[in-house]
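Examining the three-dimensional arrangement
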Amino acid sequence: MGASSWVVIFLLSVYVALLDSCFGAEVSYDANALIINGERRLIFSGAVHYPRSTVEMWPDIIQKAKDGGLDAIETYVFWDRHEPVRRQYDFSGNLDFVKFFKQIQEAGLYAILRIGPYVCAEWNYGGYPLWLHNMPGIELRTDNPIYKNEMQVFTTKIVNMAKEAKLFASQGGPIILAQIENEYGDIMWGYGDAGKTYIKWCAQMALAQNIGVPWIMCQQKDAPQPIINTCNGYYCDWFQPNNPKSPKMFTENWIGWFQKWGERAPHRSAEDSAYSVARFFQSGGVLNNYYMYHGGTNFGRTSGGPYITTSYDYDAPIDEYGNLNQPKWGHLKRLHAAIKLGEKILTNGTRTDKDFGNQVTLTTYTTTNATGARFCFLSNSNAKDDANVDLQQNGKYFVPAWSVSILDGCNKEVYNTAKVNSQTSVMVKKNDDAFARLTWAWTPEAKKDTMHGKGNLKAHQLLEQKELSLDASDYLWYMTSVDVNDTSIWSNATLRVDTMGHTLHGYVNRRYAGYQFSQWGNKFTYEKHVSLKKGTNIITLLSATVGLPNYGVGFDKIKTGIAGGPVQLIAKNVTMDLSTNLWSYKVGLTGERKRLYDLQPRTGVSWNTNSSYPVGKPMTWYKADFNAPSGTNPVVVDLQGLGKGHAWVNGHSIGRYWPSWITANNGCSDTCDYRGKYVKEKCNTNCGNPSQRWYHVPRSFLNNDNNTLVLFEEIGGNPLNVSFQTVTAGTICANVYEGEDFELSCQGGQVISEIQFASFGSPKGKCGSFQKGSWEATDSQSVVEAACIGKQTCAFKVTKDAFGVTYGIKARLAVQATC
């Protein structure tokens, strides 16, 4: 063959390679793997919602996800944020999902696009824009032509933007899977035959988008082919797709749980989280997506519910502020690495199970090729009893209760879900020396119009709040008047209001009657004693919502506000029903309309600057200037002492606050028994404290010099103790078994300054309370100090040789340090 022929072949090869790069990756699947460009893959993914963080945080969070062993990042797309007004779109700043996906790809990760466009996500109104609700003849999430048209328009908009940016894997982009609808199978019964028709239409509409990657539906047993149905929950090892050719995918492994106002903080242990993942892959799983991997913050009024807190930390591996949640992050990182050791065998091999009794199972994956390579999971699903298992020539293994051992080659334990060797970090809030006590200016919420019954709309009925306000504000004023002739009857009356809440304030003749709220965020009865005067009496009611419902059959139809009442005045033997009076309405607060939270001074607004600011006074705006803290650690504002309201920093909303609602004193423990199935009531923390006390202030919200905090205090509080703090690792610990890798790391550029405790031998206790055991190596402290002091990260293999130990007792290394 001549030289010219070689040139032709070479050029042809280059041309084919260029074609491959232009057309991107082919994504297919079978029951054992996702197949990306011919490579059979197991995928670890994590949910990160781009609007719940800031653009500046994205690269760090994405990199930490990659460092944690993830292959992909998943996110919802939030319809209400992108189309707040019909056909008026916003994809700027934190809403630039194209930029988010491009950063994922730049980090070398895949992506999963969950369009929904119903997302649930504990997001206000499930992610639906409120203008949908008021469209004549519309019914959401069912076989309704008006709704389906709007859903298709938005879905197509997102798909086309993704295509234009070449985000799908078929175009060379990162997106390997896309989702349509969300957990509809759990509530489809409530929509009858129309629901079944709707889900078929969803599938047809999605497939017609021609995105070149598979579509999925979670929690949808009857997902039409070729849509892949997937599983959400705490455990999905039991799940089987409705098509034997479909891969088994866990699209929401609930790594923690969300928190509501008035509730204790849910905690799911690292051990149980890892157990769930290992059991899933033991039973043939192909993709595990953590919900959430980084929860983030419900900035503004985006938290749903009702009563979802501003924090959406979710006990995720990366916490609300972007710090590693240790040991969960590290323990799962080691799990991912252990399972990836067997990726080729798990995606190409055949599976056999052997039952040892008492819920102990050995699962063996074996390749059918000449090598006959093997990879094993040895699980103990008994919630109480540990197991000692003899695998004959493959060794003897101790498997703690509720754990899974991963055996490389089926003869070497490389990981056990109950044996945590990862660092534990105890995060603390620190006051910056530059933070002097804040000096407050204040102004009352202007109510002259509402106290005189003046609004923007009138009706002879009690109207529904979200229909009237379109959720432009949490607040809606209801005003009416009543004439009284006989004050002897009405001088000691009761104002009674049946309301769909969530909170209600009452005024009679400009006198404050008081405040009440619903314990559970549903209908409640407001009752306050009032005194009416002779002649015309003005009754003013302020209704407030705390996140619109986001889940359930017909959640969109749940009423808010007073919505029909009744509203009654009750005296002895007399009841006066005001429900059909002429009512006047005003949406929102005067301070909202005047944008008191903006940095620019507002005309007609006078801030009081005398030192005697009001305490415990409802409907008050506060303002204070502060200096940004030095360094790079995350910033929080401590709102301890306040009642309920909303906070802004430099005009950016950092969300609702409600620190006056104290959680129950019972149901928490310093220890958490990870064994047995997890429920959200298990392993709770933060008893007897505010549900949320600290509120995230992203550094991108701050100026280098002067900054302004604005509060709207709804029910009355005291801002005396409000302060800005930074979040850092106070104490870091490791408790590592012999033969494993020891690693300690500080965050934010800090270094390890002190080794408070180090013992290689038989140490007891846990981080914060370690004690020496029956024996230890005499050089424990000096070995660790030599390896770690002055370093941001230190690491080494824990062996007897490293500590000069010659006898054969199995040992552990426990270390406690400060950064």
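Structure shown above.
Right, let's walk through the structure included here. (Residues numbered from 1 in each chain as written. Predicted model: local features only at pLDDT ≥ 70, side-chain atom pairs only at ≥ 80, totals over all residues. Heavy atoms only, no water.)

Regarding the pairing of strand E4 (residues 43-48)
Among the six residues in E4, six count as buried, and that is most of the element. Here E4 shows two buried faces, one formed by Ile 43, Ser 45 and Ala 47 and the other by Phe 44, Gly 46 and Val 48. Bridge count between E4 and strand E11 (residues 287-294): five bridges; the pairing is parallel. Along E11, the bridge assignment pairs Ile 43 with Leu 287. Between the parallel pair E4 and strand E5 (residues 72-76), the chain is carried across by helix H2 (residues 58-67), and the sense of this crossover is right-handed. (Buried < 20%, exposed > 50% of the residue type's maximum accessible area, 1.4 Å probe, protein only. Helix = DSSP H or I, 4+ residues; strand = E, 2+ residues; numbered from the N terminus. Pairing = 2+ DSSP bridges. Right-handed = clockwise from strand over helix to strand, strands pointing away.)

Observations regarding the pattern of salt bridges
A complete count under the given rule lists 33 salt bridges for this structure. Ionic pairing is found between Arg 141 and Glu 181, a salt bridge with its closest N-O pair at 2.7 Å. A residue pair is termed long-range when its members are at least 10 positions apart, and Arg 141 in the loop between helix H5 (130-133) and helix H6 (145-164) and Glu 181 in the loop between strand E7 (175-180) and helix H7 (192-207) qualify at 40 residues. By relative accessible area, which is 1% here, Arg 141 ends up buried. Given a relative accessible area of 1%, Glu 181 falls into the buried group. Linked by salt bridges that have partners in common, Arg 41, Asp 71, Lys 340 and Glu 343 make up one network. (Salt bridge = Lys/Arg side-chain N within 4 Å of Asp/Glu carboxyl O.)

Some words on H2
Turning to H2, its buried residues number three or more, namely Trp 58, Ile 61, Ile 62, Lys 64 and Ala 65. End-on view of H2: buried residues confined to an arc of 165°, all on one side of the axis. As for H2, its buried residues are in contact with E4, E5, helix H4 (97-106), E11 and helix H9 (328-340). Phi turns positive one or two residues past the end of H2, at Gly 69, with a value near 95°. (Arc of directions from axis to C-beta. Contact = heavy atoms within 4.5 Å.)

Structural notes on the sheet that holds strand E3 (residues 39-41)
With antiparallel pairing, three strands are arranged side by side in an open sheet as E1-E2-E3. Both outer strands of the open sheet, strand E1 (27-30) and E3, are each paired with one neighbouring strand and no more. Across the sheet, the mean angle from the axis of one strand to that of its neighbour is 30°, orientation sign disregarded. Here strand E2 (residues 33-36) pairs with E3 via three bridges, running antiparallel. Along E3, the bridge assignment pairs Ile 36 with Glu 39. (Axes fitted to C-alpha atoms, helices over the stretch in contact; angles between N-to-C directions.)

Comments concerning the sheet that holds strand E23 (residues 493-499)
The sheet built from four strands is open, its strands ordered E26-E23-E28-E29 with antiparallel pairing. Pairing within the sheet leaves two strands with one partner each, and these edge strands are strand E26 (524-530) and strand E29 (574-577). Strand-to-strand, the axes of this sheet are offset by a mean angle of 20°, without reference to chain direction. Bridge count between E23 and strand E28 (residues 567-571): four bridges; the pairing is antiparallel. Along E28, the bridge assignment pairs Arg 496 with Gln 568.

Remarks on the packing of H2 against H4
The geometry of H2 relative to H4 is characterised by a closest axis approach of 10 Å and an angle of 40° between their N-to-C directions. By the angle class used here, H2 and H4 are oblique. In this structure, H2 crosses over H4, and the sense of that crossing is right-handed. Of the residues in H4, those touching H2 at Trp 58, Pro 59 and Ile 62 are Lys 99, Phe 100, Gln 103 and Ile 104. Across the contact of H2 with H4, the residue classes tally to five nonpolar, one polar and one charged. (Parallel < 35°, antiparallel > 145°, perpendicular 65-115°, else oblique. Left-handed = near helix turned anticlockwise from the far one by under 90°. Nonpolar A, V, L, I, M, F, W, Y, C, P; charged D, E, K, R; others polar.)

Observations concerning unusual backbone geometry
With omega at 0°, the peptide bond leading from Tyr 291 into Met 292 counts as cis. With respect to the helices and strands, Met 292 occurs in strand E11. That bond from Gly 565 to Pro 566 is cis: its omega, 10°, falls within 30 degrees of zero. Residue placement: Pro 566 occurs in the loop between strand E27 (535-544) and E28. Phi is positive for Arg 510, which is not a glycine, with a value near 70°.

So, the environment of Tyr 191
Here Tyr 191 is to be found in the loop between E7 and H7. A residue is classified by how much of its surface remains accessible, and Tyr 191, at 16% relative accessible area, is buried. When the C-alpha atoms of Tyr 191 and Gly 554 are compared, they prove to be 8.7 Å apart, with 363 residues separating the residues in sequence. Apart from the residues within four sequence positions on either side, Tyr 191 is in contact with Leu 140, Arg 141, Thr 142, Tyr 184, Gly 552, Val 553 and Gly 554.

Some words on the state of the cysteines
Throughout the structure, instances matching the rule amount to seven disulfides. Across a sulfur-sulfur distance of 2.1 Å, Cys 788 and Cys 794 are joined as a disulfide pair. On the sign convention where negative means left-handed, the S-S torsion of about 80° between Cys 788 and Cys 794 marks this disulfide as right-handed. Take Cys 788 and Cys 794: they sit in the same class, and that class is buried. Among the cysteines around Cys 202, which has no disulfide bond, Cys 218 carries the closest sulfur, lying 12 Å off. The thiol of Cys 218 is unpaired, and the distance to the nearest cysteine sulfur, on Cys 231, comes to 9.3 Å. (Disulfide = S-S within 2.5 Å.)

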